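Fold and contact review
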Amino acid sequence: MNRLDRFFEITARGSSVAAEARGGLVTFIAMAYILVLNPIILSGSKDVLGNQLPFGQLSSVTALTAWVMTILFGLVARLPFAFAAGLGINSFLASSVVGTVTWPEAMGLVVINGLIIVALAAS
């Protein structure tokens, strides 16, 4: 047993490192559309001050947060699970909320929403 297998208990769960690597690749391919779709949704809307979010930065932040949260979940829970942006709330935010607030205020609301979801999931 190598350290990776021992830490994640891959063999004990009836899997193999190769199977988990294939599963990770398939999961990435299935979720990769979010790296393009999330920036398209969010960069297409202007806030009340007329500001827009840049596509390139949104794409980078989407990829970075998905990577960090997936790695963090894997290390803390020791389970294979992928995280990425929730496109439902992003669509609602871009089409409804941003017309009445600024982008910083809208992103603050997203953080508050995320904290509420985490609290509900943990309780």
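Right above here is the structure, for reference.
I will try to describe carefully the structure that is included in this document. Everything numeric in this text was worked out from a predicted model, so none of it was measured. (Residues numbered from 1 in each chain as written. Predicted model: local features only at pLDDT ≥ 70, side-chain atom pairs only at ≥ 80, totals over all residues. Heavy atoms only, no water.)

Section: the side chain of Thr102
Counting through the fold element by element, Thr102 comes out in the loop between α5 (87–97) and α6 (103–122). Aside from chain neighbours lying at most four places away, what touches Thr102 is Asp47, Val48 and Leu49. (Helix = DSSP H or I, 4+ residues; strand = E, 2+ residues; numbered from the N terminus. Contact = heavy atoms within 4.5 Å.)

Here's the deal with unusual backbone geometry
Positive phi, close to 55 degrees, is recorded for Glu9, a residue that is not glycine. By the element assignment, Glu9 lies in the loop between α1 (3–8) and α2 (17–31). Judged by relative accessible area, which is 32%, Glu9 ranks as partly exposed. In this structure, Arg78 is a non-glycine residue whose phi angle is positive, near 55 degrees. Within the fold, Arg78 resides in the loop between α4 (55–77) and α5. (Buried < 20%, exposed > 50% of the residue type's maximum accessible area, 1.4 Å probe, protein only.)

Quick look at helix α3 (residues 34–43)
Of the residues making up α3, those classed as buried are Ile34, Asn38, Pro39, Leu42 and Ser43. Down the axis, α3 shows its buried residues gathered within 135 degrees of arc, on one side only. Taken together, the buried residues of α3 touch α2, α4, α5 and α6. (Arc of directions from axis to C-beta.)

A word on the pattern of salt bridges
Counted by the stated rule, this structure contains two salt bridges. Across the pair Glu9 and Arg13 runs a salt bridge whose closest N-O atoms are separated by 3.6 Å. Here Glu9 ties to Arg78 by a salt bridge, and the two come within 3.0 Å at their closest N and O atoms. Taken together, the residues span a long stretch of sequence, with Glu9 in the loop between α1 and α2 and Arg78 in the loop between α4 and α5 at a distance of 69 residues. On the accessibility criterion, Arg78 (30% relative accessible area) is partly exposed. Within the structure, one salt-bridge network assembled from shared partners comprises Glu9, Arg13 and Arg78. (Salt bridge = Lys/Arg side-chain N within 4 Å of Asp/Glu carboxyl O.)

Thoughts on the packing of aromatic side chains
Going through the model one piece at a time under the given rule, you end up with four aromatic pairs. Put simply, the rings of Phe73, Phe81 and Phe83 pair up and form one aromatic cluster. When the ring centre of Phe7 is taken as origin, the NZ or CZ atom of Arg78, which lies over that ring, is 5.4 Å away. (Phe/Tyr/Trp six-rings, centres within 6.5 Å; stacked < 30°, edge-to-face > 60°. Lys NZ or Arg CZ within 6 Å of the ring centre and 35° of its normal.)

Brief notes about the environment of Ala84
Tracing the backbone shows Ala84 in the loop between α4 and α5. Beyond its immediate stretch of four places on either side in the chain, Ala84 contacts Met31, Ile34 and Ala66.

Let's talk about the packing of α3 against α5
Running from N to C, α3 and α5 point in directions that differ by 20 degrees, and their axes come no closer than 9 Å. Relative to α5, the element α3 is oriented roughly parallel. Note that α3 runs across α5; the crossing there is left-handed. Mapping the contact onto sequence places Ile34, Leu37, Asn38, Ile41 and Leu42 in α3 and Leu87, Asn90, Ser91, Leu93 and Ala94 in α5. The class makeup of the residues in the contact of α3 with α5 is seven nonpolar, three polar and no charged. (Axes fitted to C-alpha atoms, helices over the stretch in contact; angles between N-to-C directions. Parallel < 35°, antiparallel > 145°, perpendicular 65-115°, else oblique. Left-handed = near helix turned anticlockwise from the far one by under 90°. Nonpolar A, V, L, I, M, F, W, Y, C, P; charged D, E, K, R; others polar.)

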